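Survey of secondary and tertiary structure
Spelled out from the first residue to the last, the chains are:
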Amino acid sequence: MDSITQTAEASGAKQPRRFVKIVAGTAALAGLLFGFDTGVISGAILFIKGAFGLSPFAEEVLVSAALVGAVCGSILSGRFTDLLGRKRAILITAVIFTVGSILCAVAGNIEVLILGRLAVGVAIGVASYTAPLYIGEMAPPKLRGALVTLNQLAITSGILLAYVVDAAFAPSDGWRLMFAFGALPAIVLGIGIAALPESPRWLLLHQRKDEGIKVLTRIRGSQNVMPEVNDILEHAEPGSGKLADLFSPIVLPVLFCGVALAVIQQITGINTVIYYAPTIFQAAGFRSAESSIIATAGVGLVNVLMTVVSIPLIDRVGRRPLLLISLTGMGVSLAALGLGFAIGGETSKWIGVLSLAVYIGSFAIGLGPVFWLLISEIFPLNVRGQAASVATMANWLSNFVVSLTFLSLLNALGSVRTFILYAVLCAVGIWFCLRFVPETKGVPLEWIERDLRARRPLRKLGAG
Ligand code: BGC
């Protein structure tokens, strides 16, 4: 046993699992901020409209500012995540989240408010892939799925928290406090992540072997980590991972897979429900404001609960089966929703509620967490940050396009055809997953990289 291993053991790595859970829990605060800051605007906008006398165009710009920021943040930060490290990238996002939230809270005019939301959006864009990446690189293979899924649980809890905070401050027109609230988890994230170590995989790739071994020993406990260290060093391609590497024949197929999954996660309509649930419920026949608020909170709750259900399943059942079950449930419930609208009347109301519950539950159990998990797993180490950032950018861009076109689509095609269209896209998603998505359950990240270099087909990566 070498001295580093001894030191780490002596320094008390008795509960490595507990430590990894603390690491995952802290990094997942980034997910909470992602959820909170995308959700909070829906309640705040009602008061801001009056406060600043916004035109419909200014309102649209304000609502979409965070999405635009997220697109820019994700694509511009990819290289930095590989150069600076995962920990530093998350630390920077915590600072931007804090500054952006405060800026929104104190904004004296619409321009400053838009600037604040753009900044928050940039932080969301960076955090959305760096947090899963960091957790995935720290976690042992058998727990990786569950631990990375904590991030999705935090996203869904953040969305729910935003609804609650909006409801709590609404009676006093407190839109500034709604935004200010977001600074709290951001500060905790910053302090927490500063106290945690850098990802051992990143350290090893950047010639900081001793530190890498020390961290790995701490998170794996007393076991000899040298085989894992050698595995990482042997399979990782050294070098800075230039932009051109993304388009190498080794990386391109997995990049295609990540980007396609990103698009599928969005074009199957999740955010039409998350952002427009009240509109859908109203179209289905619920007229009162109360009933649409209750229905929206219900959507948020089902989302959180079913993500909890997915956590123990993801490392047991595996990523592919969950994706397939998820997309099937989503497709069937969307078709039912479309049918419900076709029938109309009282029945249509209840078909609407039931279909949306099944739809959200199906998303939460598979496509929601599995996309973010897979993009933290499938890319080679030397370009992992950049490749994940491209997939993340594709996700935010598709989110932006779907959110922007949903209402026009409803107007142009009508409810029935719109939801049937989303159902058809779920079927396309099922075909894609069957044909291209690998099963990464329990597989060390280095095996996936080894198979990539051996040019095995996507479906067979990590299959042994
Ligand atoms: C998606 C978001 C979505 C959220 C809902 C995430 O995985 O990327 O677009 O709003 O899930 O829970």
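All values reported here derive from a predicted model rather than from experimental measurement.

This part is about the site of the ligand. In the vicinity of the ligand, the residues found are Q152, T156, I159, Q265, Q266, N271, N303, F363, G368, W372, N395 and N399. Measuring from an oxygen atom of the ligand, one finds a side-chain N or O atom of N303 at 2.9 Å. Against a free-state accessible area of 310 Å², the protein chains account for coverage of 99% of the ligand. Secondary-structure elements contributing two or more residues to the shell around the ligand are α7 (144–169), α13 (251–267), α18 (367–377) and α19 (384–436). A per-element tally of the shell around the ligand places α7 first, with 3 residues. Taken together, the residues of the shell around the ligand break down into 3 nonpolar, 9 polar and no charged.

With that out of the way, let us pick up the packing of α18 against α19. The geometry of α18 relative to α19 is characterised by a closest axis approach of 9 Å and an angle of 155° between their N-to-C directions. Taken together, α18 and α19 sit at an angle that is classed as roughly antiparallel. Counted together, F371, W372, I375 and S376 of α18 and R384, A388, A391, T392, N395 and W396 of α19 form the full contact between these two elements. Here the residues of the contact of α18 with α19 are counted per class, giving 6 nonpolar, 3 polar and 1 charged.

With that out of the way, let us pick up the packing of aromatic side chains. Summed over the entire model, instances satisfying the criterion amount to 15 aromatic pairs. Here the aromatic rings of Y276 and F406 are separated by 5.2 Å at their centres, their planes lie at 40°, and the arrangement is tilted. Residue Y276 is found in helix α14 (residues 270–283), and its partner F406 is found in helix α19; the two are separated by 130 residues along the sequence. For Y276, a relative accessible area of 18% corresponds to the buried category.

A bend of about 45° at A44 is the largest found in helix α3 (residues 29–52). Within α3, 17 of the 24 residues are buried, which leaves it mostly tucked inside the rest of the structure. In the stretch just after α3, G53 is the one whose phi turns positive, near 55°.

Before going further, it helps to examine the environment of F19. You can see F19 is positioned in helix α2 (residues 16–27). Taking relative accessible area as the criterion, F19 reaches 12% and is therefore assigned buried. Aside from chain neighbours lying at most four places away, what touches F19 is L196, P197, R218 and I219.

Moving on, we get to the packing of α7 against α18. Interaxial distance between α7 and α18 falls to 9 Å at its minimum, and their mutual angle equals 125°. Judged on the interaxial angle alone, α18 and α7 are oblique. Considering only the axes of α7 and α18, their crossing is right-handed. Where α7 abuts α18, its residues R144, G145, V148, T149, Q152 and I155 lie against G368, P369, W372, L373, S376 and E377.

Attention now moves to the confidence of the model for the chain. Low-pLDDT portions of the prediction should not be read for the details of their coordinates. Model confidence for the chain is summarised by a mean pLDDT of 91, while 95% of its residues fall at 70 or above. The lowest-confidence element of the chain is helix α1 (residues 3–10), averaging 38 in pLDDT; the highest-confidence one is helix α9 (residues 183–194), averaging 98. Contacts for the low-pLDDT stretch residues 1–14, under 50 throughout, to residues beyond four places or in other chains number 14 contacts.

Tallying each qualifying case throughout the model produces 15 salt bridges. Between R86 and E137 there is a salt bridge, with the nearest N and O atoms lying 2.8 Å from each other. Of this pair, R86 sits in helix α5 (residues 86–106) while E137 is found in helix α6 (residues 110–138), placing the two residues 51 residues apart along the sequence. When its relative accessible area of 0% is taken as the criterion, R86 is described as buried. On the basis of relative accessibility, which here comes to 0%, the residue E137 falls in the buried class. For the salt bridge of R208 with E211, the shortest nitrogen-to-oxygen distance reads 3.0 Å. Classification of E211 as partly exposed rests on a relative accessible area of 37%. Within this structure, D82, R86, E137 and R384 form a network of salt bridges that share partners.

The rules behind these values
Residues numbered from 1 in each chain as written. Predicted model: local features only at pLDDT ≥ 70, side-chain atom pairs only at ≥ 80, totals over all residues. Heavy atoms only, no water. Near = heavy atom within 4 Å. Polar contact = N/O pair within 3.5 Å; in protein donor to acceptor, adjacent residues only side chain to side chain. Areas by Shrake-Rupley, 256 points an atom, 1.4 Å probe, with all protein chains shown as cover. Helix = DSSP H or I, 4+ residues; strand = E, 2+ residues; numbered from the N terminus. Nonpolar A, V, L, I, M, F, W, Y, C, P; charged D, E, K, R; others polar. Axes fitted to C-alpha atoms, helices over the stretch in contact; angles between N-to-C directions. Parallel < 35°, antiparallel > 145°, perpendicular 65-115°, else oblique. Contact = heavy atoms within 4.5 Å. Phe/Tyr/Trp six-rings, centres within 6.5 Å; stacked < 30°, edge-to-face > 60°. Buried < 20%, exposed > 50% of the residue type's maximum accessible area, 1.4 Å probe, protein only. Bend = angle between axes of the 7 residues up to and from the residue. Left-handed = near helix turned anticlockwise from the far one by under 90°. pLDDT = per-residue confidence, 0-100. Salt bridge = Lys/Arg side-chain N within 4 Å of Asp/Glu carboxyl O.

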